[in-house]
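Okay, here's what each chain looks like letter by letter:
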Amino acid sequence: MNHPDRRTRRVVEPAGRAAQHAVQNNAVQNNAVRNAVRKHVAEKHVVQKRKEKNVKLRWGALTLAGVLALAACGAESGAPSAKAGADGGGDGGSLVWAVETQPITFNPHQWGQNKARLLVHNQFDALIARGGNGEFLPWLATSWKVSPDGLTYTFELRDDVTFHDGEKFDAASVKANLDQLVSPGYNAALGAIQLRNFEKAEATAPHTLKVTLKAPDGLFLDFLSSPYAGQVSPKSLKSAKDLKAGGVDVVGTGPFILDRFTPGQEVHYKRNPDYRWPPTGAAHQGPAHLAEITYRFLPEAAVRVGALTSGQVQVIEGVPATEIGLIKSDPELKLETSLNSGSAFSYYFNVSRPPFDDKRVREAFRDAVDVDAVLNSVYQGTAKRAWSVIGQGSPQFYDPSLEKTFGNNPERANRLLDEAGWKERDAEGFRVKDGKRLTVRTVNAAPFVRDRRDVLAQAVQAAVKQSAGIDFQVKIVDQGTAQKAVEDNEYEIFENSRGDTDAGAALNLILAKDAAINRTKFGSAELDKLLADASAASDLAKRKELYAKAQKTVITDEALLLPLYVPADQIAYGASVTGVTFEPVSGTPNSAYDIRTGT
């Protein structure tokens, strides 16, 4: 089950020419790093088997040279090194953080990768923060009032905030952001879901904003605390060269200023010396401790771990299960983990086309997979099994009654497929009906593949073939190809997880009939009403009741998806680094504002 199937196709193409050129220019250096890491890993296992207690597992000179070559190739002079950060200590110095995913945008309004969330609040602040118990706390908005009918929100804003370009933050700038968010062609999904009830914003005083909604919306404050609501300078909204992509000319009010982005390599931020407005609950006041921070894009897990253990970076996110033991056993390293909020990572079945237009086939696919065994083979006991569209990282809405109600029943899977007419087998053991093989496809955009999901797909692929004779084909492609597959309806399985702080926002995007990413193509007036009523409600118990019914509908009644695991973030860092934390509700890494290096 751990071996890749030959039918798994990986075609990864950069989205733009700049990224393509950067990747091409770095091919030799990246290969050198990969080869060095593989050599290091092989040597490590030999050492462990011989139990040589005095051997320190560290990269050798070859790995060091490879990582340095990767950092230097194409980068501008003056990029901080890990050593500089270690020597800086306290206030000042620099930090190098290796991340799994390169953002597809640096504009918070266009944010969509949960793995890139940690970058947003370096550069952009929101109106509202979240506390440890999920409560809403002041940030750029010092207070707010909601009218009894739930249609009017009045916000009092800070009067001492400036954008990185010198523009003043005020009620007019917040209005400009909200108006931009609902402007045609800017972010249609956001306008149709999160801001579907937004009617207008008015600056009633320099630092007083009045927002009017078309209908009560229990998710509105959650939206204002999300990365989507990061405040962008009105000047940037008007004059940025590529507003949707973001970059150095799309600026915010945050503790760091983005000043350099090298596609395929890294993004660099410098401290905002004027920062005086952290969210309520921050560990300190005033500017960030770090003078600068570099996020290096290292998508291969072994390369990230090697960069950390060799001292070339001080922090990494995305620690593979195979290396957790190594990290934990090293007294010079620390490991922190946190479950993400929102929806679980699941396989959503496209019911608009065969074979998943037949509920029996959907149920059979689920029953053909021993999810626990698959997860253990890929993640070695570190992944949290999912049972519903909502993950256990959102306990206020998760329905535990769904646990152990489906899956891992090959006998039933085969009986269902027989009943559905898939009785014959071809020479390769796949089921056939009317001369056509029982084939289902998933088409994924490379920038959204995280957590070894490609390896997980291979394990599921092997499981459904062995247990039920299903031909599961996996394709990892560039964004354009993936989008075309969606537009042409040429897929049977859609893979997705959402990191929304309120799981209701995720359900509205995925399950509603006309939702922006409803890739199941399933529509139900009853389900839509459950979601709408839950979104409008302010009573938590009522919302939980409604979402429990929605979960039962999609999991039990319709079998629209196969939940697999609850996404989580893992951060490993050197002992000299402090202030590494997770956002209290989303469970994703916090910004670098409170981080410091040295003793």
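Anything mentioned here points back to the structure above.
Sequence order sets the numbering: in each chain, residues are counted from 1 along the sequence as written. Whole-chain, interface and lining totals are the exception, using all residues; otherwise, since this is a predicted model, local features are given only for residues with pLDDT of at least 70 and side-chain atom pairs are given and counted only at 80 or more. Water and hydrogen atoms play no part in the side-chain values, which are based on all heavy atoms of the structure.

Each helix and strand counted, the protein chain has 19 helices and 25 strands in total. Relative accessibility decides the category of a residue: with a 1.4 Å probe and only protein chains considered, values under 20% of the type maximum give buried, values over 50% give exposed, and everything between is partly exposed. A buried classification covers 56% of the 599 residues belonging to the protein chain. Across the protein chain, contacts joining residues at least 24 apart in sequence account for 70% of those joining residues at least 6 apart. Only the protein chains shown count as cover for residues, with accessible areas throughout obtained via the Shrake-Rupley method and a probe of 1.4 Å. For the protein chain, the computed accessible surface area is about 24400 Å², with 50% contributed by carbon and sulfur atoms. Going along the chain from the N terminus, every DSSP run of H or I of four or more residues is numbered as a helix, and every run of E of two or more is numbered as a strand. Contacts are assigned to residue pairs that have any heavy atoms within 4.5 Å of one another.

Strands are treated as partners if at least two bridges between them are detected by DSSP. Alignment of strand β7 (residues 198–205) against strand β8 (residues 208–213), held across 6 bridges, turns out to be antiparallel. Bridge pairing in β8 links Lys 200 to Thr 212. Where β7 hands over to β8, the hairpin turn is made up of 2 residues, counted between the paired strands.

Most of helix α12 (residues 359–367) sits inside the fold, with 7 of its 9 residues counted as buried. For α12, the complete set of buried residues consists of Val 361, Arg 362, Glu 363, Ala 364, Phe 365, Arg 366 and Asp 367. Pairing of N or O atoms within 3.5 Å defines a polar contact, subject to two protein rules: one partner must be a possible hydrogen donor and the other a possible acceptor, and residues neighboring in sequence count only if both atoms are side-chain atoms. Sitting at the amino-terminal end of α12 is Asp 358, which places a side-chain oxygen 2.8 Å from the backbone nitrogen of Arg 360.

In this section: the packing of aromatic side chains. When the centres of two rings from Phe, Tyr and Trp lie within 6.5 Å, Trp using its six-membered ring, the rings pair. Their planes under 30 degrees apart give stacked, over 60 give edge-to-face, and anything left gives tilted. One pass over the full model with this rule turns up 21 aromatic pairs. When the ring of Trp 111 is compared with that of Tyr 228, the centres are 5.1 Å apart and the planes differ by 70 degrees; the resulting orientation is edge-to-face. Of this pair, Trp 111 sits in the loop between β2 (94–99) and α5 (117–123) while Tyr 228 is found in the loop between α8 (220–224) and α9 (234–239), placing the two residues 117 residues apart along the sequence. Of the residues examined, Trp 111 reaches a relative accessible area of 8% and is grouped as buried. Measuring from centroid to centroid gives 5.9 Å for Phe 356 and Phe 365, while their planes differ by 85 degrees, and the two rings are edge-to-face. Neither Phe 356 nor Phe 365 differs from the other in exposure class; each is buried. A connected cluster of aromatic rings, assembled from ring pairs, spans Phe 345, Tyr 347, Phe 349, Phe 356, Phe 365, Tyr 379, Phe 472 and Tyr 565. The aromatic ring of Phe 406 is capped on one face by Arg 366, whose charged end is 4.3 Å from the ring centroid. Across from the ring centre of Phe 494, 5.5 Å away, lies the NZ or CZ of Arg 519, which sits over that ring. Placement of a positive charge over a ring is assigned whenever Lys NZ or Arg CZ falls within 6 Å of the ring centre and within 35 degrees of the normal to the ring plane.

It is worth spelling out the packing of helix α18 (residues 525–536) against helix α19 (residues 540–557) at this point. For helices, the fitted line uses only the C-alpha atoms of the stretch in contact; every axis is such a line through C-alpha atoms, and the angle between N-to-C directions lies from 0 to 180 degrees. Where α18 meets α19, the closest approach of the two axes is 9 Å, and the angle between their N-to-C directions is 155 degrees. Taken as axis vectors, α18 and α19 run roughly antiparallel relative to one another. α19 is crossed by α18, and the crossing has left-handed handedness. Seen from α18, the contacting residues are Leu 527, Leu 530, Leu 531, Asp 533, Ala 534 and Ser 535; seen from α19, they are Arg 543, Leu 546, Tyr 547, Lys 549, Ala 550, Thr 553 and Val 554. Tallied by class, residues from the contact of α18 with α19 come to 8 nonpolar, 2 polar and 3 charged. Convention used here: angles under 35 degrees read as roughly parallel, angles over 145 as roughly antiparallel, angles from 65 to 115 as roughly perpendicular, and any remaining angle as oblique. We call a crossing left-handed when the near helix sits turned anticlockwise from the far one by less than a right angle, and right-handed when that turn is clockwise. Each residue is assigned to one of three groups, with Ala, Val, Leu, Ile, Met, Phe, Trp, Tyr, Cys and Pro labelled nonpolar, Asp, Glu, Lys and Arg labelled charged, and all others, Gly among them, labelled polar.

Further remarks concern helix α10 (residues 301–309). Structural remark: α-helix, 3.6 residues per turn; residues separated by three or four positions point the same way. Most of α10 sits inside the fold, with 8 of its 9 residues counted as buried. Listed in full, the buried residues belonging to α10 are Ala 301, Val 303, Arg 304, Val 305, Gly 306, Ala 307, Leu 308 and Thr 309.

A separate point is the sheet that holds strand β18 (residues 436–437). Spatial ordering of the open sheet is given by β16-β17-β18, a layout of 3 strands whose pairing is antiparallel. The sheet terminates laterally at β16 (424–425) and β18, the two strands that pair on one side only. Bridge count between strand β17 (residues 431–433) and β18: 2 bridges; the pairing is antiparallel. Bridge pairing links Lys 433 to Lys 436 in β18.

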